[in-house]
Structures are given as C-alpha cells and as structure tokens.
Amino acid sequence: MTYKPKPINTDHITLPEDVEKLTEELAKNTHDLWAEERMRNGWTYGPKRDDEKLEHPSLIEYERLSDSEKRYDRITAMNTLKAIMALGYTIDKKN
C-alpha cells in the first residue's frame, strides 16, 4: 500500500490580519492539548525524551518552549485556519 497525502490546497489563502492573530492562541492551545493527553497517559517532564520512562522535555508551559519548538504548533494552527477558509467557511470574532 502506498500512502499519498492529499491535504486541502490552501496556496490561494491569505489569512486576514485579525484571523492571523489567532495563530498564537491556537498554537498554545494545541500544545496544551498535546501536553494534557501525554500527562493523562502517565508522561512527565524529563530533560530528554525517554519512551520507557514516559518523560518528555516539551512537557512545559508553551511560553517556555524554544521558538523552533513553538513553530510546529504555529504551523498546525495556521494551516488549520487556512483549511477552514479554503473549505468556504469564514471566521468572525463575536464582539
């Protein structure tokens, strides 16, 4: 079996400035959801990843992550926002 990923094409999507600001909030939430799930499964903070001891160095607050570590969550958030818009949905903030 040959897997061929087919993500939603978002090349034509430019996020409006107000929506782009959501990226950091959603990136933090993505990290928190990941960390919560890990912790629920017995993982704790450790200086290096150790699958046997269930330790991971990224089990810290989002703000303490390095920019390179935050990048993954930011890309996930931005691509999700773009996919929503590519599918024809709009994102509006309620005042």
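See the structure shown above.
An account of the accompanying structure is given in this report.

Rules used in this analysis
- Residues numbered from 1 in each chain as written.
- Predicted model: local features only at pLDDT ≥ 70, side-chain atom pairs only at ≥ 80, totals over all residues.
- Heavy atoms only, no water.
- Helix = DSSP H or I, 4+ residues; strand = E, 2+ residues; numbered from the N terminus.
- Rg over C-alpha atoms; globule rule 2.2 N^0.38 Å.
- Buried < 20%, exposed > 50% of the residue type's maximum accessible area, 1.4 Å probe, protein only.
- Contact = heavy atoms within 4.5 Å.
- Areas by Shrake-Rupley, 256 points an atom, 1.4 Å probe, with all protein chains shown as cover.
- Lys, Arg positive; Asp, Glu negative; His and termini not counted.
- Charge placed at Lys NZ, Arg CZ, Asp CG, Glu CD.
- Salt bridge = Lys/Arg side-chain N within 4 Å of Asp/Glu carboxyl O.
- Phe/Tyr/Trp six-rings, centres within 6.5 Å; stacked < 30°, edge-to-face > 60°.
- Lys NZ or Arg CZ within 6 Å of the ring centre and 35° of its normal.
- Expected span 1.5 Å × (residues − 1).
- Arc of directions from axis to C-beta.

So, on to the overall build of the protein. From N to C terminus, the protein includes three helices and two strands. Start at the N end of the protein and walk to the C end: the helices and strands fall as α-α-β-β-α. Taking 12 Å as the expected radius of gyration for a compact globule of 95 residues, we find that the protein reaches 16 Å, considerably beyond that expectation. With respect to the three principal axes, the spread of C-alpha positions in the protein is 45 × 45 × 25 Å. Counting all 95 residues of the protein, 25% fall into the buried class. A fraction of 49% describes how many contacts in the protein between residues 6 or more apart in sequence connect residues 24 or more apart. As displayed, the protein offers around 7600 Å² of accessible surface, 51% of which is attributable to carbon and sulfur atoms. Considering the protein, the positive charge centre built from 16 side chains and the negative charge centre built from 19 side chains are found 3 Å apart.

Right, let's talk about the pattern of salt bridges for a bit. Pairing between side chains of opposite charge can happen when their charged atoms approach one another. Applying the stated criterion to the full structure yields seven salt bridges. Across the pair Asp 32 and Lys 28 runs a salt bridge, and its minimum N-O distance is 2.9 Å. Separated by four residues within a single helix, Asp 32 and Lys 28 lie in helix α2 (residues 22–40), roughly one turn from each other. As a salt-bridge pair, Arg 74 and Asp 67 come within 4.0 Å of each other at their nearest N and O atoms.

What follows concerns the packing of aromatic side chains. All chains considered together, the criterion is met by zero aromatic pairs. The ring of Trp 43 carries Arg 38 above its face, with NZ or CZ at 4.4 Å from the centroid. Just above the ring of Tyr 62 sits the side chain of Lys 70; from NZ or CZ to the centre is 5.2 Å.

Right, let's get into the environment of Trp 43. For Trp 43, the position within the fold is in the loop between α2 and β1 (44–45). Exposure remark for Trp 43: the relative accessible area of 11% places this residue in the buried category. Placed twelve residues apart in sequence, Trp 43 and Glu 55 show a C-alpha to C-alpha distance of 5.5 Å. Not counting chain neighbours up to four residues away, the residues in contact with Trp 43 comprise Arg 38, Arg 49, Asp 50, Asp 51, Leu 54, Glu 55, His 56 and Leu 59.

Moving on, we come to unusual backbone geometry. Positive phi, close to 60°, is recorded for Leu 54, a residue that is not glycine. By relative accessible area, Leu 54 is classed as partly exposed at 27%.

A few words now on α2. In an α-helix there are 3.6 residues to a turn, and that puts residues three or four apart on one side. Between the first and last C-alpha of α2 there are 27 Å, a value that for 19 residues agrees with the 27 Å anticipated at 1.5 Å per step. Of all the positions in α2, only Thr 23, Ala 27, His 31, Ala 35 and Arg 38 are classed as buried. Down the axis, α2 shows its buried residues gathered within 105° of arc, on one side only. Seen from the buried face of α2, the exposed residues on the opposite side, beyond 90 degrees, are Glu 25 and Arg 40. Each element contacted by the buried residues of α2 is listed here: α1 (17–20), β2 (55–56) and α3 (67–86). Once α2 finishes, Gly 42 follows within two positions and takes phi at roughly 95°, a positive value.

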